[in-house]
Amino acid sequence: MLTQTNHRETYRFVPSTSTPVSPERVAELLKAEWELFTKQTGKSAEESRRALKSLPLGVTSSFQHWDPYPISIVSAKGAWMTDVDGRQLLDLSMGFGAMLAGHLNPVIVEEVKKALESGTLFVTPSPISTDAAERICRRFGIDQVRFTNSGTESTMYAVRTARAATDKNAIVKIEGGYHGSYDPFVVSSKPPIDKIGDENDPIAHVPEGIVPGEIYVVPYNNADALERTFKKHGSSIACFILEPVLENLGIVLPDEGYLERVRELCDEYNVVLIFDEVKTGLTAGHQGAAQRLGVTPDLITLAKSIGGGLTLAAFGGKKKYMDFVTNGKMAHFGTFNGNPLAMAGVRAADVIFTEESLAKAEGFNQQALDRINAIIEQYQLPAHTVGFGVKGCITWSTEPVRNYRDYKATDFAVAELSWLWSLNRGIITPPGLDEQWLISLAHGQKEVDILVEDFESFAKALRS
């Protein structure tokens, strides 16, 4: 079977040979590492017991929870965090991009201090919010933008805008794609394989308590399936929403030509194309993923990296669609939209996220990927690496992962062990077995060396 090549602006390295890892060795190491985890993190255990009384699962967002309990953090600066047990942890999660500048970046801190002197909330128009909007439009190449407070708000309002513009209501999304917690987006975000039908014609999986409306699900990197869906249901489909590079499943790259074909099909069937860049954004490069990949969506959603760590998100795009916000057909509200503290984050981010600063971070990321590739080859590990912008991941599969079904076929036992091994040695990456890291402006050669040396020690343990 011909393996599709990934988009030229993305990176994937798959070694030509590998040797399986012993499941017994993985189980043995997992047992030892969980014992080490509980031995090192007594105060996090205490904090979790306390938090469980007032917070469901003891966390403020459900993804933060893992068994037996998560690490509790008390402070952070640069690329490092300190937990309640006093351990210094290298942060390679960086809030999925929200902390792209690094913790307590001095430029952002200074802008926020200035904002605190002029007011924290006006609930009126202001030159401060207009300036921020101009910066976002200029950087991302869009006509107009509206600010929100979370990625979920932005994706929800983008879909509503598409519905208003087309007088249609149905949504198409990617199987395994995540766009926040608005009801339609929870459909098939990580569905059980035994309930979703044929890989080329997926059945939408609707969790309990969800009222999604009319929604269709297609595999990523499968333009033929998208075309079939449009042909069958195009008269009712308002929009197709997708991450241009999937970052809910580690990192899954678009095939060469896939996004271009998606653009053609949306034009042909009068379907609004929405790129969810909540996770990509500036982590993809200084102008975001859409411009880097060379495909222009109709609407775009942004969050995380654009605000320098402040609570901020946005949606925007072509004026012909944003005009439906203007004419009131898609009314958009929010007391905290465009608040001065968040706008300070936009100003600071616009200053520090230059082409040069992000290229430097991307260079460190590529160095890490190249060095890890050599370790994978040396130890004949059944794994490969993927990278996009300042993000990278190790995927425990000998074949490229091109969609959700491929992702579900990866080795999650080794992925869990890899994550836990790093956590026990002072490196924190996102929980969820998606094995993704982020190199921020605060990371340098020291941090890259730690990441690579940690993986080498893990490879040795697997093969010992």
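Residues numbered from 1 in each chain as written. Predicted model: local features only at pLDDT ≥ 70, side-chain atom pairs only at ≥ 80, totals over all residues. Heavy atoms only, no water.

### So, the packing of helix α4 (residues 127-140) against helix α11 (residues 340-352)
Then comes step 1: It is the contact of α4 with α11, at a shortest axis distance of 9 Å, that shows an interaxial angle of 40°. The angle between the axes of α4 and α11 places the two elements in the oblique class. Helix-helix and strand crossings are classified by hand; for α4 and α11 the assignment is left-handed. Where α4 abuts α11, its residues Ile128, Ser129, Asp131, Ala132, Arg135, Ile136, Arg138 and Arg139 lie against Pro340, Met343, Val346, Arg347, Ala349 and Asp350.
Then comes step 2: Broken down by class, the residue content of the contact of α4 with α11 amounts to seven nonpolar, one polar and six charged. (Axes fitted to C-alpha atoms, helices over the stretch in contact; angles between N-to-C directions. Helix = DSSP H or I, 4+ residues; strand = E, 2+ residues; numbered from the N terminus. Parallel < 35°, antiparallel > 145°, perpendicular 65-115°, else oblique. Left-handed = near helix turned anticlockwise from the far one by under 90°. Contact = heavy atoms within 4.5 Å. Nonpolar A, V, L, I, M, F, W, Y, C, P; charged D, E, K, R; others polar.)

### Focus: the sheet that holds strand β3 (residues 80-83)
Then comes step 1: The strand order β2-β3-β4-β16 describes an open sheet built from four strands, whose pairing is mixed. At either margin of the open sheet sits one strand with a lone partner, and together these are β2 (73-77) and β16 (427-428).
Then comes step 2: Pairing analysis gives four bridges linking β2 to β3, with the strands arranged antiparallel. Residue pairing for β3: Lys77 is matched across the bridge by Trp80. (Pairing = 2+ DSSP bridges.)

### Re the packing of aromatic side chains
Then comes step 1: What the rule picks out here adds up to 17 aromatic pairs.
Then comes step 2: Ring geometry for Tyr182 and Phe185: centres 5.4 Å apart, planes at 75°, overall edge-to-face.
Then comes step 3: On the numbers, 5.3 Å between centres and 75° between planes, the contact of Tyr220 with Tyr258 is edge-to-face. Placement of Tyr220 in the loop between β9 (215-218) and α7 (223-233) and of Tyr258 in helix α8 (residues 258-268) is noted, with a sequence separation of 38 residues between them. (Phe/Tyr/Trp six-rings, centres within 6.5 Å; stacked < 30°, edge-to-face > 60°.)

### Points about helix α12 (residues 355-378)
Given 3.6 residues to a turn, an α-helix orients residues that are three or four positions apart in the same direction.
Then comes step 1: The end-to-end C-alpha distance of α12, which contains 24 residues, comes to 34 Å, matching closely the 34 Å that a straight helix rising 1.5 Å per residue would cover.
Then comes step 2: Residues Ser357, Leu358, Ala361, Phe364, Asn365, Ala368, Leu369, Ile372, Asn373, Ile375 and Ile376 constitute the buried set of α12.
Then comes step 3: For α12, the elements touching its buried residues are β1 (11-13), α11, β14 (384-388), β15 (391-395), β17 (436-438) and α15 (445-463). (Expected span 1.5 Å × (residues − 1). Buried < 20%, exposed > 50% of the residue type's maximum accessible area, 1.4 Å probe, protein only.)

### Let's talk about the environment of Asn222
Then comes step 1: As for its position among the elements, Asn222 is in the loop between β9 and α7.
Then comes step 2: By relative accessible area, Asn222 is classed as buried at 14%.
Then comes step 3: Along the backbone, Asn222 and Ser126 are 96 residues apart, and their C-alpha atoms lie at a distance of 45 Å.
Then comes step 4: Setting aside anything within four residues of it in sequence, one finds Asn222 in contact with Asn200 and Tyr258.
Then comes step 5: Reaching out from Asn222, the side chain makes a polar contact with the side chain of Asn200 at a distance of 3.2 Å.
Then comes step 6: Within the structure, the side chain of Asn222 is placed 2.9 Å from the backbone nitrogen of Ala225, a separation counted as a polar contact. (Polar contact = N/O pair within 3.5 Å; in protein donor to acceptor, adjacent residues only side chain to side chain.)

### Structural notes on unusual backbone geometry
Then comes step 1: Of the consecutive residues Asp67 and Pro68, the connecting peptide bond is found in the cis state with omega at 5°.
Then comes step 2: Among the secondary structure elements, Pro68 is positioned in the loop between α2 (42-51) and β2.
Then comes step 3: Positive phi values are uncommon outside glycine, yet Phe96 reaches one of about 60°.
Then comes step 4: Judged by its relative accessible area of 16%, Phe96 is buried.
Then comes step 5: One non-glycine residue, Val123, adopts positive backbone phi at about 55°.
Then comes step 6: With respect to the element layout, Val123 can be found in the loop between α3 (106-118) and α4.

### A word on the pairing of strand β13 (residues 313-317)
Then comes step 1: By the criterion of burial, β13 is predominantly enclosed, with five of the five residues buried.
Then comes step 2: Covered by surrounding structure in β13 are Ala313, Phe315 and Gly317 together with Ala314 and Gly316, the residues of both alternating faces.
Then comes step 3: Pairing analysis gives five bridges linking strand β12 (residues 299-303) to β13, with the strands arranged antiparallel. Of the residues in β13, the one forming a bridge with Ile300 is Gly316.

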